[in-house]
Amino acid sequence: MFSINEIREQFPVLNQQVYVKPLVYFDNAATTQKPLCVIDRERDYYLHENCNIHRGVHYLSQKATEAYEHARQTVADFIHAKEAKEIIFTRGTTESLNLLATSFEHFCIGEGDNVLITAMEHHSNLVPWQQMVQRHHGQLLVVPMDDKGVLDLNRYEELLKEGPKVVSIAHISNVLGTINPVKEMIAMAHQYGIPVVVDGAQSIAHHPIDVQDLDCDFFVFSGHKMYAPMGIGGLYGKVEWLEKLPPYQFGGEMVDTVSFEKTTFNVLPYKFEAGTPNVGAALGLETAIQFIQSLDRNEVEKHETRLLQSAIEQLSDIEGIRFIGEAAHRSGLVSFIIDGIHPYDLGTIIDKMGVAVRTGHHCAEPVMTRFGIPGTVRASFALYNTMEEVEVFVNAVKKAAMMLR
Ligand code: PMP
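Just so we're clear, the structure is a prediction, and the values are computed from it rather than from any experiment.

Trainee: Describe unusual backbone geometry, naming the residues involved and giving the relevant values.
Mentor: Where the residue is not glycine, phi is negative for most of them; where a peptide bond is considered, it is trans in most cases. Following Leu268, the chain continues to Pro269 via a peptide bond in cis, the omega torsion being 0°. Among the secondary structure elements, Pro269 is positioned in the loop between strand 12 (263–265) and helix 10 (279–293). Phi at Asp215 is positive, roughly 65°, even though this residue is not glycine. You can see Asp215 is positioned in the loop between helix 8 (211–214) and strand 9 (218–222).

Structure representation (structure tokens):
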């Protein structure tokens, strides 16, 4: 059973007033709040278990190592990876993508080689690939989208024929909410022998992920968008790819033997985890996963869909509103602008009414260029949000629009 009140009790941060108004937190695509169990887990680690891992023979070090590796197994099970060693802990999506861009550069990128992305990528799934191919006089191939925010798969197929070395695509757009047909896109890329990276930053908290079913070669995500602490995230990679790719960062832990002449590298997953990791956050991530799994995910999905539909329905009444992103298959968030009103002004006024939304380009400037707008107002939902909050939000937007006109 899905009890919103019980859930909200686990998120004390939601129970506060801002500017003497109850907080309505609709900035979940930027980061979700953390439940008490996650906060407690990290705190417990520092209270009772803190130690560097994989190094000491002593009790605490072994205990921390076991806990960290247990967390890795939990992540692997959560996204249905075949083996725990396919999970690399990173700081989050951005670091995972930088790891892949750097590693691919050393592995196979030559003069004039290209990487294929889509028109709706977050900067962190654009800039690392762009900088990398440009160093070799290559370029990004970009799958365009239509006015609703749906990718053009015919063009995708044509671009695949140009032989990009990697395809890297968002599972769900953080601006448009579009759920991309990644399974189909992965199968298409594989027909041309091209590996596919899925940016799961916006999907992992809201939809069950099965990397074997998707057949993606890589899947990247951030813990802080799935009720876990900041500073932890992951990279899933098929073993055969992770074995082939060279390390990203160098230093302690990722080595096997070191001399002044030569270094050999550790086995997976340690080959990609140089230096001391964020153990406490990894344990928090494990607890966040257990928290998500303790709920009926179907019910959670339905609840979040109801919030989204209600928001869209109620906002539609507003004169001059334009939704940015109207794909039939979408999730989690609504982006819009209102004629003659700057998103920033709207966001600032509704903030004073207690409503937290994101305004601006959402780290996806090319999406703004595509739609010819300076930015959007984005409301994004999580499992602890309520229908009443949607109403408060819509009323705040209506009031602000009247004031600004
Ligand atoms: N990709 C997408 C689709 C995102 O929404 C985000 C975060 N807004 C990122 C990548 C980057 O994630 P992080 O800042 O946690 O590394």
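Read on for the rest.
Trainee: An account of the side chain of Lys34 is requested, with residue identities and associated values reported.
Mentor: Along the chain, Lys34 falls in the loop between strand 3 (24–25) and helix 2 (36–49). Here Lys34 occupies a buried position and makes no salt bridge, while the nearest side chain of opposite charge, Glu42, is found at 9.1 Å. Among the polar contacts listed, one links the side chain of Lys34 to the side chain of Thr31, at a separation of 3.3 Å. In this structure the side chain of Lys34 is engaged in a polar contact, spanning 2.7 Å, whose partner is the backbone oxygen of Thr32. Discounting residues that sit within four places of it in the chain, Lys34 has contacts with Gln10, Phe11, Ile39, His224, Tyr227, Ala228 and Pro229.

Trainee: Explain the pairing of strand 9 to me, using residue names and the numbers behind them.
Mentor: For strand 9, a buried count of five out of five residues is recorded, marking the element as mostly surrounded by other parts of the structure. Burial along strand 9 is two-sided: Phe218, Val220 and Ser222 facing one way and Phe219 and Phe221 facing the other are all buried. Pairing of strand 8 (residues 196–199) with strand 9, which is carried by three bridges, proceeds in the parallel orientation. Each bridged residue has a counterpart across the sheet, and for Val198 the counterpart in strand 9 is Phe219.

Trainee: Residues and numbers for helix 3 (residues 59–78), please.
Mentor: For an α-helix, 3.6 residues make a turn, and residues three or four places apart therefore share a direction. Under the 1.5 Å per step criterion, the end-to-end length of helix 3 is 29 Å for 20 residues, consistent within 8% with the ideal 28 Å. Among the residues of helix 3, those classed as buried are Ser61, Ala64, Thr65, Ala67, Tyr68, Ala71, Arg72, Thr74, Val75, Ala76 and Phe78. Here the buried face of helix 3 lies against helix 2, strand 4 (87–90), strand 9, helix 10 and helix 11 (297–315). Remark: His80 follows helix 3 within two positions and exhibits a positive phi of approximately 60°.

Trainee: Describe the sheet that holds strand 13 (residues 321–323), naming the residues involved and giving the relevant values.
Mentor: Within the open sheet, the four strands sit side by side as 13-14-17-16. Their pairing is antiparallel. A single partner strand is all that each edge strand has here, and the edge strands are strand 13 and strand 16 (358–360). Here the average twist between neighbouring strands, direction ignored, is 30°. The strands touched by helix 11 within the sheet are strand 13 and strand 14 (333–338), with strand 14 carrying the most contacts at an inclination of about 15°.

Trainee: Got a sec to walk through the site of the ligand? Specific residues and values, please.
Mentor: The environment of the ligand is formed by Thr93, Thr94, His122, Ser124, Asn174, Asp199, Ala201, Gln202, Ser222, His224 and Lys225. A distance of 2.6 Å is found between a nitrogen atom of the ligand and a side-chain nitrogen or oxygen belonging to Asp199. Within the side chain of Gln202, a nitrogen or oxygen atom sits 2.7 Å from an oxygen atom of the ligand. Burial of the ligand by the surrounding chains reaches 85%, relative to a free accessible area of 400 Å².

Calculation rules
- Residues numbered from 1 in each chain as written.
- Predicted model: local features only at pLDDT ≥ 70, side-chain atom pairs only at ≥ 80, totals over all residues.
- Heavy atoms only, no water.
- Helix = DSSP H or I, 4+ residues; strand = E, 2+ residues; numbered from the N terminus.
- Buried < 20%, exposed > 50% of the residue type's maximum accessible area, 1.4 Å probe, protein only.
- Lys, Arg positive; Asp, Glu negative; His and termini not counted.
- Salt bridge = Lys/Arg side-chain N within 4 Å of Asp/Glu carboxyl O.
- Polar contact = N/O pair within 3.5 Å; in protein donor to acceptor, adjacent residues only side chain to side chain.
- Contact = heavy atoms within 4.5 Å.
- Pairing = 2+ DSSP bridges.
- Expected span 1.5 Å × (residues − 1).
- Axes fitted to C-alpha atoms, helices over the stretch in contact; angles between N-to-C directions.
- Near = heavy atom within 4 Å.
- Areas by Shrake-Rupley, 256 points an atom, 1.4 Å probe, with all protein chains shown as cover.

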